[in-house]
Amino acid sequence: MSIVKYVRRPFRYSFFNATFILIGLNLLVFLLTSISRSLGTYLALNVMLVSHYHMYWQFLTYMFVHGDFTHLLFNMLGLFFFGLSVERTIGSKEFLLMYLVSGILCGIISYLVYLFSGAYMTFLVGASGAIYSLLLAYAVTFPRNSIYFWGVLPIPAPLLVAIYAGIEIASQLLTLQHGVAHMTHLAGFAVAWVYFIVRMGINPWKVWKDAYR
């Protein structure tokens, strides 16, 4: 079997509400880290802890840690609204693979950015990178669907991806808000884009172009 066929070998479709399992895990970790602040330090992603203390699990665990309830709430809303629709379409196994691969790669990319920029004391937390990947996945899966911004203004899903990407690029270049992981969000879009091409043989740009001919 060629490498391409192996990489693109599909899972047998199954659906077991992986979205709700992920939401439950995020809620559990939030509860535990609220009780024990030191636990959050071990689970969040930090350059020094990974480089010097070999806490490599942080590339996975950081995405389940959130700074406060508002941070958790908005990420879980994104996971629910985008994740559930994508999961029902591509199946729970593919959905989980996409979510975890996106989150881990976003963590690795952010780690490298922090390492080479000298942001050694930054602790990266939150599922935002993976959520941004799901937003792009939703726009590819449902290219003609509109998302109601603040529940009022309908915006086509692909256009919303473009708007958010522009905002994140501008924020990364023009501001110094180290507390907001703009690079992680952009990485989420980039990783999902590559995932569709490599794993699923789908070019998001072609999907959008065909949808709006």
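Structure report, in brief.

Reading the values: rules and limits
- Residues numbered from 1 in each chain as written.
- Predicted model: local features only at pLDDT ≥ 70, side-chain atom pairs only at ≥ 80, totals over all residues.
- Heavy atoms only, no water.
- Helix = DSSP H or I, 4+ residues; strand = E, 2+ residues; numbered from the N terminus.
- Rg over C-alpha atoms; globule rule 2.2 N^0.38 Å.
- Buried < 20%, exposed > 50% of the residue type's maximum accessible area, 1.4 Å probe, protein only.
- Phe/Tyr/Trp six-rings, centres within 6.5 Å; stacked < 30°, edge-to-face > 60°.
- Lys NZ or Arg CZ within 6 Å of the ring centre and 35° of its normal.
- Contact = heavy atoms within 4.5 Å.
- Polar contact = N/O pair within 3.5 Å; in protein donor to acceptor, adjacent residues only side chain to side chain.
- Salt bridge = Lys/Arg side-chain N within 4 Å of Asp/Glu carboxyl O.
- Patch = residues over 30% accessible without salt bridge, like charges linked within 9 Å, V, L, I, M, F, W, Y side chains within 5 Å.
- Areas by Shrake-Rupley, 256 points an atom, 1.4 Å probe, with all protein chains shown as cover.
- Expected span 1.5 Å × (residues − 1).
- Core = buried A, V, L, I, M, F, W, Y, C linked by side-chain atoms within 4.5 Å.

**With respect to the overall build of the protein chain**
Counting secondary structure elements, the protein chain contains 11 helices and 4 strands. Relative to the 2.2 N^0.38 estimate, which gives 17 Å for 213 residues, the radius of gyration of the protein chain is 17 Å and therefore close to what a compact globule would have. Summarising its shape, the C-alpha atoms of the protein chain cover approximately 50 × 45 × 30 Å along the three principal directions. Burial status across the protein chain gives 44% buried among its 213 residues.

**Some remarks on the packing of aromatic side chains**
Inspection of the entire model under this criterion finds 10 aromatic pairs. Three or more aromatic residues joined by ring pairs form one cluster here, namely F20, F80 and F81. Taking NZ or CZ as reference, R144 lies 4.9 Å from the ring centre of Y212, over its face.

**Re the environment of N203**
By the secondary structure assignment, N203 is in the loop between α10 (182–200) and α11 (204–211). When its relative accessible area of 36% is taken as the criterion, N203 is described as partly exposed. Sequence-wise, N203 and W193 are 10 residues apart; in three dimensions their C-alpha atoms are separated by 7.7 Å. With residues up to four places along the chain from it excluded, the contact list for N203 reads W193 and I197. A polar atom in the side chain of N203 sits 2.9 Å from the backbone nitrogen of W205.

**Brief notes about the pattern of salt bridges**
In this structure the tally under the stated criterion is 3 salt bridges. The shortest N-O distance in the salt bridge between R199 and E94 comes to 2.8 Å. You can see R199 sitting in helix α10 and its partner E94 sitting in helix α7 (residues 92–117), a full 105 residues away along the chain. Pair check on accessibility: R199 and E94 agree, each one buried. For K206, the salt bridge goes to D210, with nearest N and O atoms at 3.0 Å. Of this pair, K206 and D210 both sit in helix α11, 4 residues apart, which is roughly one turn of that helix. We classify K206 as partly exposed; its relative accessible area is 48%. Relative accessible area serves as the criterion here: at 31%, D210 is assigned to the partly exposed category. Taken together, the salt bridges that share partners define one network made up of K206, D210 and R213.

**Some words on the side chain of N46**
Examined against the element boundaries, N46 turns out to sit in strand β1 (residues 45–46). Overall, the relative accessible area of 4% leaves N46 in the buried class. Sequence-distant contacts of N46, that is, excluding residues within four places in its chain, are made with Q58, Y120, M121, T122 and F123.

**What to know about a nonpolar patch on the surface**
Together, F20, F69, L73, F74, L77, F80, F81, F149, W150, V152 and L153 make up an exposed nonpolar region whose accessible area comes to about 1200 Å². Mapping W150 onto the fold places it in the loop between β3 (146–149) and β4 (153–156).

**Some details on the side chain of H66**
Structurally, H66 is set in the loop between α5 (58–61) and α6 (69–90). At 3.1 Å, the side chain of H66 and the side chain of N75 are in polar contact. A polar side-chain atom of H66 sits 3.4 Å from the main-chain amide nitrogen of A127.

**Let's talk about helix α2 (residues 18–35)**
For α2, built from 18 residues, the straight-helix expectation of 26 Å at 1.5 Å per residue is met to within 8% by its first-to-last C-alpha distance of 26 Å. Packed against the buried residues of α2 are α3 (37–43), α6 and α7.

**Overview of the nonpolar core**
In terms of nonpolar packing, the biggest core is built from 52 residues, with L79, F95, Y99 and L136 touching the most fellow members. Secondary structure elements with two or more residues in this core: α2, α4 (47–53), α6, α7, α8 (128–141), α9 (157–174) and α10.

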